[in-house]
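Okay, here's what each chain looks like letter by letter:
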Amino acid sequence: QPQRARQAVERVAWLMAAELRTVGVDFSFAPVLDLDRGVSRVIGDRAFGHGVNAVSDLAAAWVAGVHAAGMAAVGKHFPGHGGIAADSHLELPVDDRTLADLTVEDLVPFARLIDRGLEAIMPAHVVYPRVDPYPAGFSAFWLGEVLRGRLGFQGVVFSDDLNMAAAGAGGDHRERARAALAAGCDMLLVCNNRPAAIETLAALHDHDDPAALLRLLRMHGRRGLDTDGLHLDPRYQLALHEVGALEELASLDLDLPDPTRPSAC
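Rules behind the numbers
- Residues numbered from 1 in each chain as written.
- Predicted model: local features only at pLDDT ≥ 70, side-chain atom pairs only at ≥ 80, totals over all residues.
- Heavy atoms only, no water.
- Axes fitted to C-alpha atoms, helices over the stretch in contact; angles between N-to-C directions.
- Helix = DSSP H or I, 4+ residues; strand = E, 2+ residues; numbered from the N terminus.
- Left-handed = near helix turned anticlockwise from the far one by under 90°.
- Contact = heavy atoms within 4.5 Å.
- Nonpolar A, V, L, I, M, F, W, Y, C, P; charged D, E, K, R; others polar.
- Core = buried A, V, L, I, M, F, W, Y, C linked by side-chain atoms within 4.5 Å.
- Buried < 20%, exposed > 50% of the residue type's maximum accessible area, 1.4 Å probe, protein only.

K.L.:
Explain the packing of helix H1 (residues 2–22) against helix H2 (residues 52–68) to me, please; I cannot follow it from the model alone.
P.N.:
In a pair of packed helices, the angle between the axes and the distance between the axes together describe the arrangement. H2 packs onto H1 with a crossing angle of 35 degrees between their chain directions and a minimal axis gap of 7 Å. Relative to H2, H1 is oriented so that their crossing is right-handed. Within the contact between the two elements, H1 uses Ala5, Arg6, Val9, Glu10, Ala13, Trp14, Met16 and Ala17 and H2 uses Asp57, Leu58, Ala61, Trp62, Ala64, Gly65, Val66 and Ala68. Considering only residue class, the contact of H1 with H2 consists of twelve nonpolar, one polar and three charged.

In structure tokens:
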């Protein structure tokens, strides 16, 4: 039921974004544009599906929903994290596919969403050795040649969490930060490690990139509803009804993880 699926995704995306905008949150790191190939331990059912067209269509519906609520979207994990089993939070994944293979499949949702005005992208901490020796988030080839050049992306590039185990390929936290910026990232994430975040900020005290600052302006949320206005909005009730209907589907059992484990980016 593709039309029903697009409607559900758009309403749920609007609900997420509208609730965050009521408390002043500008954006969320979503949607996931990876293809679920049934092998990745970290992507899995975070993906919209395994098919290129289904993922592209549902992700576009998600973006439409968050835009309607005044929020920008962040597509991840470029150029595609769904083809390997390894979890980049715990180790460095290596995907041996060629650029040609990735172009005709995993890159397609990113290309289609870029053509529709996607504001931001997060690259994967994955090495594609038949394309480039560096993980995508530290690769000038992936971020400059492919993302900016071939795909024509003009939005924001956020690094994935530089505190993840896979990011260790970039060196210590200061070296990772410098490498990510040199590759083409506009903003860096250092999550769940306050000392490392402070160390990174100190190392980058002299960093200045006016072009990145201009791109980041697009990430500011537009005026949102207050809580009372949100609850009175007809779209709010429709979205709640949609969530209630989806919860009845056994295939969408959330199987929530251990809350003590750091959240995935």
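K.L.:
How do you make sense of the side chain of histidine 173 when you look at a structure like this?
P.N.:
Along the chain, histidine 173 turns up in helix H6 (residues 173–183). Those residues in contact with histidine 173 that sit more than four places away from it in its chain are Leu162, Asn163, Val190, Asn193, Ala196, Glu199 and Thr200.

K.L.:
Got a minute to help me understand the nonpolar core in this structure?
P.N.:
Core analysis: the largest hydrophobic core is formed by 52 residues, its most contacted members being Phe78 and Trp142. Those elements that provide at least two residues to this core are H1, H2, helix H3 (99–104), helix H4 (107–115), helix H5 (140–150), H6 and helix H10 (234–247). In terms of residue count, the dominant contributor to this core is H1 (seven residues). In this view, phenylalanine 78 contacts Leu107, Phe110, Ile121, Met122, Pro123, Ala124, Ala136, Trp142, Leu143, Val146, Leu147 and Leu151; residues no more than four positions away in its chain are not counted. Counting nine residues, the second-largest nonpolar core is a separate cluster that includes Val74, Phe158, Leu189 and Met219.

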